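What the coordinates show
Spelled out from the first residue to the last, the chains are:
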Amino acid sequence: MERVTTSSQQSPGSGISAALAWANRIGARIPLVNAPMGGVAGGRLAAAVTAAGGLGMIGMGSAGSVRALEQELPHLRGVTGPFGIGLVDWVVAGQPGLLEAAIEARPALISVSFGDDLGWAARVADAGIVPATQVYSGPDARRAQDAGIGVLVARGVQGGGHGAVNAPLLPLLDEVLAVASVPVLAAGGIGAPRELAVVLRAGASGGWLGTCLAACSESLLPEAGRRALLAASGADTVLTRAYDVGMELPWPTRFPARVLRTGFTDRWTGREDELAADSAARHALTAALDANDPAVTPIDAGEGVGLVTVVEPVAHVLGRLWSGVVDPGAG
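Residues numbered from 1 in each chain as written. Predicted model: local features only at pLDDT ≥ 70, side-chain atom pairs only at ≥ 80, totals over all residues. Heavy atoms only, no water.

1. Describing the packing of aromatic side chains
Using the following cut-off: Whether two aromatic rings pair depends on their centres lying within 6.5 Å, for rings of Phe, Tyr and Trp, where Trp uses its six-membered ring; planes under 30 degrees apart make the pair stacked, over 60 edge-to-face, and the rest tilted. Where helices and strands are cited, they refer to DSSP runs of H or I of at least four residues and of E of at least two residues respectively, numbered from the N terminus. Burial classes follow relative accessibility: with a 1.4 Å probe on protein chains only, a residue under 20% of its type's maximum area counts as buried, one over 50% as exposed, and anything between as partly exposed. We count a charge as sitting over a ring when the NZ of a lysine or the CZ of an arginine lies within 6 Å of the ring centre and within 35 degrees of the ring normal.
On inspection of all chains with the given rule, the structure shows five aromatic pairs. Seen from their ring centres, F114 and F255 are 5.3 Å apart, and the 75° between their planes marks the pair as edge-to-face. Highlighted residues: F114 in the loop between strand 4 (109-113) and helix 6 (120-126) and F255 in the loop between helix 12 (242-246) and strand 11 (257-260), separated in sequence by 141 residues. Each member of the pair, F114 as well as F255, carries the same accessibility label: buried. Seen from their ring centres, Y136 and F255 are 5.6 Å apart, and the 45° between their planes marks the pair as tilted. Of the two residues, Y136 sits in the loop between strand 5 (130-135) and helix 7 (138-146) while F255 sits in the loop between helix 12 and strand 11, which places them 119 residues apart along the sequence. The aromatic ring of W268 is capped on one face by R271, whose charged end is 4.7 Å from the ring centroid.

2. Some points on unusual backbone geometry
Residues other than glycine seldom take positive phi values, yet F114 does so here, at roughly 75°. What makes F114 buried here is its relative accessible area of 12%. One non-glycine residue with positive phi stands out, namely E248, at about 55°. By the secondary structure assignment, E248 is in the loop between helix 12 and strand 11. When its relative accessible area of 58% is taken as the criterion, E248 is described as exposed.

3. Section: the layout of surface pockets
Quick reminder of the rule: Definitions used for this entry: grid spacing 1 Å over protein atoms alone; cavity, a set of points where a 1.4 Å probe fits but cannot get out; pocket, an open set with protein on both sides within 12 Å along at least 5 of 7 lines; lining residue, one with an atom within 4 Å of a point. Grid points are joined across faces, edges and corners, and a volume is the space filled by probe spheres set on the points. Note on residue categories: nonpolar means Ala, Val, Leu, Ile, Met, Phe, Trp, Tyr, Cys or Pro, charged means Asp, Glu, Lys or Arg, and polar means any other residue, Gly included.
Roughly 220 Å³ of volume is contained in the second largest pocket. Taken together, 16 residues make up the lining of the second largest pocket; nearest its centre are G191, L307, V308, E312 and R320. Class assignment for the residues of the lining of the second largest pocket results in 11 nonpolar, three polar and two charged.

4. Here's the deal with the pattern of salt bridges
The test is simple: Think of a salt bridge as a Lys or Arg side-chain nitrogen and an Asp or Glu carboxyl oxygen that are within 4 Å of each other.
Within the structure shown, the criterion is met by seven salt bridges. In this structure, E274 engages R271 in a salt bridge whose closest nitrogen and oxygen atoms are separated by 2.8 Å. Its relative accessible area of 44% is what places E274 among the partly exposed residues. In this structure, the salt-bridge partner of E312 is R320, at a minimum N-O distance of 2.6 Å. On the basis of relative accessible area, E312 is assigned to the buried category, the value being 15%. Taking relative accessible area as the criterion, R320 reaches 44% and is therefore assigned partly exposed.

5. What about the side chain of T262?
This is how the line gets drawn: Whenever two N or O atoms come within 3.5 Å, that pair is a polar contact, provided that in protein one can donate a hydrogen and the other can accept it, and provided that, for residues adjacent in sequence, both atoms are side-chain atoms.
Residue placement: T262 occurs in the loop between strand 11 and helix 13 (263-268). A polar contact of 2.8 Å, which involves the side chain of T262, links it to the side chain of Y243.

6. What about helix 15 (residues 279-290)?
One turn of an α-helix holds 3.6 residues; hence residues three or four places apart share an orientation. Where we set the bar: Multiply 1.5 Å by the residue count of a helix minus one, and that product is the helix's expected span. This arc is built from the directions going out from the helix axis to the C-beta atoms. In what follows, a contact means two residues having at least one pair of non-hydrogen atoms within 4.5 Å.
With 12 residues, helix 15 extends 16 Å from end C-alpha to end C-alpha; this agrees with the ideal 16 Å at 1.5 Å per step. For helix 15, the set of buried residues is A281, R282, L285, A288 and L289. Viewed end-on, helix 15 has its buried residues packed into an arc of 125°, placing them on one side of the element. For helix 15, exposure combined with an orientation more than 90 degrees from the buried face picks out A280, H283 and D290. Buried-residue contacts for helix 15 involve helix 12, helix 13 and helix 14 (272-276). Taking the backbone nitrogen of A280 as reference, a side-chain oxygen 3.2 Å away marks D278 as the first, capping residue of helix 15.

7. Some points on the nonpolar core
In plain terms, the rule: Take the buried Ala, Val, Leu, Ile, Met, Phe, Trp, Tyr and Cys residues and link them wherever side-chain atoms come within 4.5 Å; each set so joined is a nonpolar core.
Core analysis: the biggest nonpolar cluster contains 99 residues, and L87, I110, L196, L229 and W322 have the highest contact counts within it. In contact with L87, not counting residues within four places along its chain, are M60, V92, L98, L99, A102, I110, S111, V112 and S113. Grouped together as the second largest cluster of nonpolar side chains are 14 residues, A242, A257, V259 and A288 included.

8. Remarks on helix 2 (residues 43-51)
For helix 2, a buried count of eight out of nine residues is recorded, marking the element as mostly surrounded by other parts of the structure. Listing the buried residues of helix 2 in full gives G43, L45, A46, A47, A48, V49, T50 and A51. For helix 2, the elements touching its buried residues are strand 1 (32-34), strand 2 (56-59), helix 3 (66-72), strand 3 (83-88), helix 10 (211-214) and helix 16 (314-326). Following helix 2 by one or two positions, G53 adopts a phi angle in the positive range, close to 110°.

9. Regarding the environment of G270
Its place among the elements puts G270 in the loop between helix 13 and helix 14. Separated by 28 residues in the primary sequence, G270 and A242 place their C-alpha atoms 7.9 Å from one another.

10. Brief notes about the sheet that holds strand 3
Defined as follows: Two strands form a pair only when DSSP identifies at least two bridges running between them. All axes here are fitted lines through C-alpha atoms, helices being fitted over the stretch that makes contact, and every angle between N-to-C directions spans 0 to 180 degrees.
The sheet built from eight strands is open, its strands ordered 1-9-8-6-5-4-3-2 with parallel pairing. The open sheet has two edge strands, strand 1 and strand 2, and neither has a second partner. Going across the sheet, the axis of each strand differs from the next one's by a mean of 25°, ignoring polarity. In the sheet, strand 6 (residues 151-155) pairs with strand 8 (residues 184-187) via four bridges, with the strands oriented parallel. Counterpart to L152 in the pairing with strand 8 is V184.

It is worth stressing that arrangement in space is one thing and function is another; only the former is reported here.
What follows is the structure, given as structure tokens:
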């Protein structure tokens with residue numbers, strides 16, 4: 001598998017140097033982390049990110065369980081480098097043993113997001129693992145640090161999947177960095193070298209990458225999902241709670257999902273209360289999802305989805321991003 005290389009000659013900027021220093025502390029060679037996207041970031045994708053020099057994350061998502069985690073972990077055997085595990089707060093609460101299983105896997109980092117109780121952080125830190133969580137404001141960052149969180153993920157509203165309806169990435173990053181005393185990773189809409197370079201110059205310790213890796217050959221995304229991503233532009237995404245309500249998933253109201261627009265989102269976004277009361281519509285959605293109907297299946301995608309134009313290995317994407325940052329004049 002192709003590996004990304006770095007050298008002191010390639011990284012003259014202080015932002016790049018600081019980001020590389022953080023990557024080295026956590027055991028990686030480049031400061032790139034894949035977002036733990038449920039249904040996308042399985043063990044193969046995590047292993048590919050780690051093999052390319054970054055920090056590969058296994059994502060449990062809404063369907064997370066001890067069994068699901070145990071099925072993905074073997075893909076990392078024999079891969080040299082660190083990996084992480086990403087969990088959802090309300091899933092951890094409903095799956096006894098999931099956090100313990102994640103800790104027992106001995107990752108370098110465990111992220112738990114989308115909840116208010118940060119008591120888990122001490123258990124993770126006590127095991128010698130770095131705890132991380134997504135934050136959406138300066139006050140979020142302060143509270144997370146006070147709870148012992150070791151890495152903050154500043155997630156802008158452009159990002160795909162679930163997140164708060166907050167500021168775009170750059171204003172949010174400035175707000176979080178103003179109060180942060182721990183490393184901050186930037187998330188939301190990073191899909192090209194120039195965007196990664198901007199957040200590193202601003203002070204981010206690395207990039208937390210989602211949509212730009214979702215169509216990679218190592219992801220768990222079905223072929224129809226890959227085709228949908230390749231055909232989409234940023235204008236084809238929408239923030240909605242319709243799928244969560246339709247699938248009766250207990251996502252907190254403050255965390256809608258940015259997904260590719262479908263007929264289902266067109267009909268029900270903004271009408272979630274009606275959907276919650278319409279059992280026939282919910283049953284119809286379940287039947288369509290069980291049939292893998294590509295016209296209905298939700299596909300998480302950020303506003304940078306238009307940059308995803310081909311299915312390729314993770315190493316190619318990371319190599320292009322990082323080489324474009326350390327040597328922007330190349331080619």
